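Topology and contacts: notes
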Amino acid sequence: MLAGMHQYIGGERRAGSTGESFDVLDPSTDEVLESVTLAGPDDVDTAVASAKAAYAEWSRATPVERAAVLTRAAALLDERAEELAQLESRQAGKPIRLAREFDVPGTVDNTAFFGAAARRLDGMASGEYSGDHTSSIRREPIGVVGSIAPWNYPLQMAAWKVLPAIAAGNTIVLKPAEITPLTALPFAEAFTEAGAPPGVVNVVTGTGPVAGEHLVAHRDVAMTSFTGSTAVGRRVMATAAATGKRVHLELGGKAPLVVFDDADLEAAVHGAVAANLINAGQDCTAAARAIVHRSVYDEFVRGVADLYAEVRMGPTADPATDLGPLSSRAHLAKVAGMVDRARAYAKVVCGGAPPTGELARGCYLEPAVVTDVPLDSEIWRDEVFGPVLVVVPFDDDDKAIRLANDTEFGLAASAWTRDTYRAGRASREIEAGCVWVNDHIPIISEMPHGGYKSSGFGKDMSAYSFDEYTNVKHVMHDITGVAHKPWHRTIFTLPGQG
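Residues numbered from 1 in each chain as written. Predicted model: local features only at pLDDT ≥ 70, side-chain atom pairs only at ≥ 80, totals over all residues. Heavy atoms only, no water.

A word on the nonpolar core. By size, the foremost hydrophobic cluster in this structure holds 60 residues, and its most contacted members are Val259, Phe300, Val304 and Val391. Not counting chain neighbours up to four residues away, the residues in contact with valine 391 comprise Ala290, Val292, Tyr297, Phe300, Val301, Val369, Val370, Thr371 and Asp372. Listed in part, the 55 residues of the second largest apolar core include Ala85, Ala194, Val200 and Met223. (Core = buried A, V, L, I, M, F, W, Y, C linked by side-chain atoms within 4.5 Å. Buried < 20%, exposed > 50% of the residue type's maximum accessible area, 1.4 Å probe, protein only. Contact = heavy atoms within 4.5 Å.)

Moving on, we get to a nonpolar patch on the surface. A contiguous nonpolar patch, built from Trp487, Ile491 and Phe492 and spanning about 370 Å² of accessible area, is present on the exposed surface. Within the fold, phenylalanine 492 resides in the segment after β21 (470–478). With a relative accessible area of 43%, phenylalanine 492 lands in the partly exposed category. (Patch = residues over 30% accessible without salt bridge, like charges linked within 9 Å, V, L, I, M, F, W, Y side chains within 5 Å. Areas by Shrake-Rupley, 256 points an atom, 1.4 Å probe, with all protein chains shown as cover. Salt bridge = Lys/Arg side-chain N within 4 Å of Asp/Glu carboxyl O. Helix = DSSP H or I, 4+ residues; strand = E, 2+ residues; numbered from the N terminus.)

Another point: the pattern of salt bridges. Oppositely charged side chains can form a pair if their charged atoms are brought close together. Evaluated as defined, the whole model comprises 29 salt bridges. In this structure, the salt-bridge partner of arginine 80 is glutamate 193, at a minimum N-O distance of 2.3 Å. Separated by 113 residues along the polypeptide, arginine 80 in the loop between α2 (63–79) and α3 (81–92) and glutamate 193 in helix α6 (residues 184–193) bring together distant segments of the chain. A single network of salt bridges, built from pairs that share partners, joins Asp261, Asp262, Asp397 and Arg422.

Another aspect to go through is the side chain of threonine 29. Looking at where threonine 29 falls in the secondary structure, it is placed in the loop between β3 (21–26) and β4 (31–37). For threonine 29, a relative accessible area of 19% puts it in the buried group. Reaching out from threonine 29, the side chain makes a polar contact with the backbone nitrogen of glutamate 31 at a distance of 3.2 Å. For threonine 29, the contacting residues outside a window of four places in its chain are Arg361 and Gly362. (Polar contact = N/O pair within 3.5 Å; in protein donor to acceptor, adjacent residues only side chain to side chain.)

Look at helix α1 (residues 41–58) against helix α7 (residues 208–217): their axes get within 9 Å of each other, and the N-to-C directions meet at 40 degrees. Remark: the crossing between α1 and α7 carries right-handed chirality. Touching Pro41, Val44, Asp45 and Val48 of α1 are Val210, Ala211, His214 and Leu215, all from α7. In terms of residue class, the contact of α1 with α7 is built from 6 nonpolar, 1 polar and 1 charged. (Axes fitted to C-alpha atoms, helices over the stretch in contact; angles between N-to-C directions. Left-handed = near helix turned anticlockwise from the far one by under 90°. Nonpolar A, V, L, I, M, F, W, Y, C, P; charged D, E, K, R; others polar.)

Okay, the sheet that holds strand β18 (residues 434–437) next. The mixed open sheet is built from 7 strands, whose spatial order is β13-β14-β15-β12-β11-β17-β18. At either margin of the open sheet sits one strand with a lone partner, and together these are β13 (347–350) and β18. Across the sheet, the axes of successive neighbouring strands diverge by a mean angle of 25 degrees, strand direction being ignored. Sheet contacts for helix α10 (residues 294–310): β11 (255–259), β12 (287–293), β13, β14 (368–371) and β15 (388–394); angle to β15, the most-contacted strand, approximately 165 degrees. (Pairing = 2+ DSSP bridges.)

Here it is as structure tokens:
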């Protein structure tokens, strides 16, 4: 990493112009990894101008030319996989096993996918729908995209923002979270090295209120894509409305995991633990609310608590570590505070407190199971974003579906049952952008990711994401060669016409 160079604009590293800096910490130790020079409005202006200048060339590049850049970038990222995994693990507090086996391979695969998808920007086939004209559909890029990525998956979320945008012919200015900007920079560099013109991919590292708001409000930014909390997403949408730009939002979640009485209980318990603890629970799709049939409720709660007791918290660099720290001291205090307040009105079966000993140096939290929860409580309704699983019972399928939908969020959900009809009903009636059956959390590049309700709108990944990053144009050609069209008489008549 080039010292002090934490902006990537016009194909080169630069220092931020504000004169201010921000310490990026390793949340497993609270040690400083790097001091980042912050971007201000002037840096955002420069980055947007760079992207706007590059747009003329990149938007006219052929699909095969864009695909070649993305494919080469995937190979470059794969060559640097271990470097990226180490950097991602340290800045985001991820166990190195998660970074090596999920974050980095997923990013490489997503880049390779869009290398292929760039050649399939299809429109409707040409046809004569009026009888006198041939109609066809063009998909065209929008312009400069201003994207804001979150801190929980810094590398993957950078990819989800950048890839569909540039594959469709747009250029982009990405603002990563200031606490986790380090992998976004080599990710952006890979595209320039792969042959993208300077300015196609730019990165500005700054705070949300300064760099982020200026990027969203910028008149030369045609679209904003934001991933983060619902509250901030609403502010982004309001800011973007002032210039009438397109908005794509992927926001919070409170995913239900519904366990019916005929489920494979061992699979459901293991699935709940994996889906709740992935990335220390800092995942919008993580299983947050287990809704369990009363006949298996006690056994499910015991099973999850027993597995939580076996989970290995430890240094993120240790391949044996299962559960890493939360992202920061502030976030640790927020999650632990929600569990502490729940002790007054619910039952905390296990966990919910920071560990003692060596791990107390970092932002670790013992995974918690919470039961006997009032349905109007914050632990049931609000996004915790940590290793906390709330469990409630149900007696019939109607109640299970109602509880699953008892949330303002709708990003993801899962249903656990051996009954295909129950599975079909759950997948139809649960209000979420993704419903897994007998699993919870896997994602693949070919399938879309995005929410319902207060979880936002628009899709990441897959060819469906091109709907967010393209304009659809109808082109209509007259095929008659007739000067005086029959429909003209509805406007005016010529001499001799009746």
